[in-house]
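Observations on the model geometry
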Amino acid sequence: KAHRASSASVSIMAVLLRHCGTKLRGGLKTCSVGFSTPHLHLRAFASAKETTGIVGLKPEADWRAKLTAVYEKTLAEASMLPDSAAYKKLLVALTNERLAAVGKAEDYSALEDAVACGQVEQLLQQAEDELGVLELMKREKPWEVPTGHAVPVLQFKPGSEHNPNFDRWSKFDWPGPGKP
C-alpha cells in the first residue's frame, strides 16, 4: 500500500529535519521518527555545533583544516630540534597521534571521543599553545648544558618538619650560613 503524505505530515517532517540538522553533533546523523507507517529515517547534516558551553570559546566551524594546519606546522618546527631531545620525541609522537585522529574522525564528536582531551576548540587552543612552548624550547635549548655547569644537590634533614622555622632542605655541597 502506498502511503500518501498529507500536508500535516510534510510539515512535521520539515520540523524534524530542522531539529535533526541543528541539534545533532557534527557529521551525518540519523533521526528516526515513528508515524502510523513504519519508521521514517531522516538524514541531516550538522557541520558545526551551536556552542561549546565554555564562556569565551566559540565553536570552530573549520576545525579539521585548522587543526591539521597547526599540527603540520608543529611537526615542521619540531624537526629543527635535535633528535636526542626528549621534548622532541614526545611532541612528535603526540602530534602525529592527534593528526592521525583528525584524519580518521568522521565528525568532531568522533575526534573528541578518540582524543579524549576536550572539545575540538580546546584541542586547537592546546595545539596553538604548544607552538608557543616549542618556540620557547627552541630559544632556550634546555637540552644543552653548559660546560662546567653544576647543579646543587639537596638533601632532606629528617625531623625538621616539626621545627616552626624549619629549613627542611640543605645543600649537600654547601656548608650554609655560620659554618666554616
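Being a predicted model, the structure only gives us computed values, none of them experimental. (Residues numbered from 1 in each chain as written. Predicted model: local features only at pLDDT ≥ 70, side-chain atom pairs only at ≥ 80, totals over all residues. Heavy atoms only, no water.)

Some details on the overall build of the protein
In plain terms, the rule: Working definition: helices are DSSP H or I runs of at least four residues, strands are E runs of at least two. Numbering for both runs from the N terminus. Burial status follows relative accessibility: with a 1.4 Å probe on protein chains alone, a residue under 20% of its type maximum counts as buried, one over 50% as exposed, and anything between as partly exposed. For the area figures, the Shrake-Rupley method with a 1.4 Å probe applies, and any residue is considered shielded solely by the protein chains shown.
Scanning the protein for helices and strands turns up 5 helices and 4 strands. Put simply, the protein runs from its N terminus to its C terminus through helices and strands in the order α-β-β-α-α-α-α-β-β. Out of the 180 residues belonging to the protein, those deemed buried represent 27%. As displayed, the protein has an accessible area near 12,600 Å², and 58% of this comes from carbon and sulfur atoms.

A few points about unusual backbone geometry
Phi angles above zero are rare outside glycine, and A116 is one such case at about 55°. Tracing the backbone through its elements, the reader meets A116 in the loop between α4 (108-115) and α5 (120-140). Look at A116 and you get exposed, because its relative accessible area is 61%.

Observations regarding the pattern of salt bridges
We apply this condition: A pairing counts as a salt bridge when a side-chain nitrogen of Lys or Arg comes within 4 Å of a carboxyl oxygen of Asp or Glu.
In the structure shown here, the tally under the stated rule is 7 salt bridges. Between D83 and K88 there is a salt bridge, with the nearest N and O atoms lying 2.6 Å from each other. We classify K88 as buried; its relative accessible area is 11%.

Comments concerning the confidence of the model for the protein
Put simply, the test is: Looking at any residue, its pLDDT shows the predictor's confidence there, from 0 to 100. Residues are treated as being in contact if the distance between any of their heavy atoms lies within 4.5 Å.
Looking at the protein, the pLDDT average stands at 74 and 58% of residues meet or exceed 70. The model gives residues 1-47 a pLDDT under 50, and that stretch makes 56 contacts with residues more than four places away or in other chains. Here residues 171-176 is a poorly scored stretch, pLDDT under 50, and it has 8 contacts once near neighbours within four places are set aside; other chains count.

Considerations on helix α3 (residues 86-104)
Condition: The span one expects for a helix is its residue count, reduced by one, times 1.5 Å.
The terminal C-alpha atoms of α3, which comprises 19 residues, lie 27 Å apart, in line with the 27 Å expected from a rise of 1.5 Å per residue. Elements in contact with the buried residues of α3: α2 (63-78), α4 and α5.

Here's the deal with the side chain of E112
What counts is decided by this rule: Definition of a polar contact: a pair of N or O atoms within 3.5 Å, with one able to donate and the other able to accept a hydrogen when the atoms are protein atoms, and with sequence-neighbouring residues admitted only if both atoms are side-chain atoms.
With respect to the helices and strands, the residue E112 is situated in helix α4. A distance of 3.1 Å separates a polar atom in the side chain of E112 from the backbone nitrogen of V120.

Regarding the nonpolar core
This is how the line gets drawn: Residues belong to a common nonpolar core when they are buried Ala, Val, Leu, Ile, Met, Phe, Trp, Tyr or Cys residues joined through side-chain atoms within 4.5 Å.
Core analysis: the largest hydrophobic core is formed by 22 residues, its most contacted members being W63, L67, Y71, Y87, L111, L123 and L134. Sorting the residues of this core by element identifies α2, α3, α4 and α5 as the ones contributing at least two each. In this structure, L111 is in contact with W63, L67, A101, V102, A105, A116, V120 and L123, ignoring residues within four places of it in sequence.

Side note on the packing of aromatic side chains
The condition is simple: Classification of ring pairs uses Phe, Tyr and Trp, with its six-membered ring standing for Trp, and accepts pairs whose centres are within 6.5 Å; under 30 degrees between planes counts as stacked, over 60 as edge-to-face, and the remaining range as tilted.
Overall, the coordinates contain 1 aromatic pair when judged by the stated rule. With centroids separated by 6.4 Å and ring planes inclined at 85°, the aromatic side chains of W63 and Y108 adopt a geometry described as edge-to-face. Placement of W63 in helix α2 and of Y108 in helix α4 is noted, with a sequence separation of 45 residues between them.

Comments concerning α5
Given a rise of 1.5 Å per residue, 21 residues ought to cover 30 Å, and the 30 Å separating the end C-alpha atoms of α5 matches this to within 8%. Buried residues of α5: V120, E121, L123, L124, A127, L131, L134 and M137, and no others. Buried positions along α5 lie against α2, α3 and α4. Remark: K141 follows α5 within two positions and exhibits a positive phi of approximately 50°.

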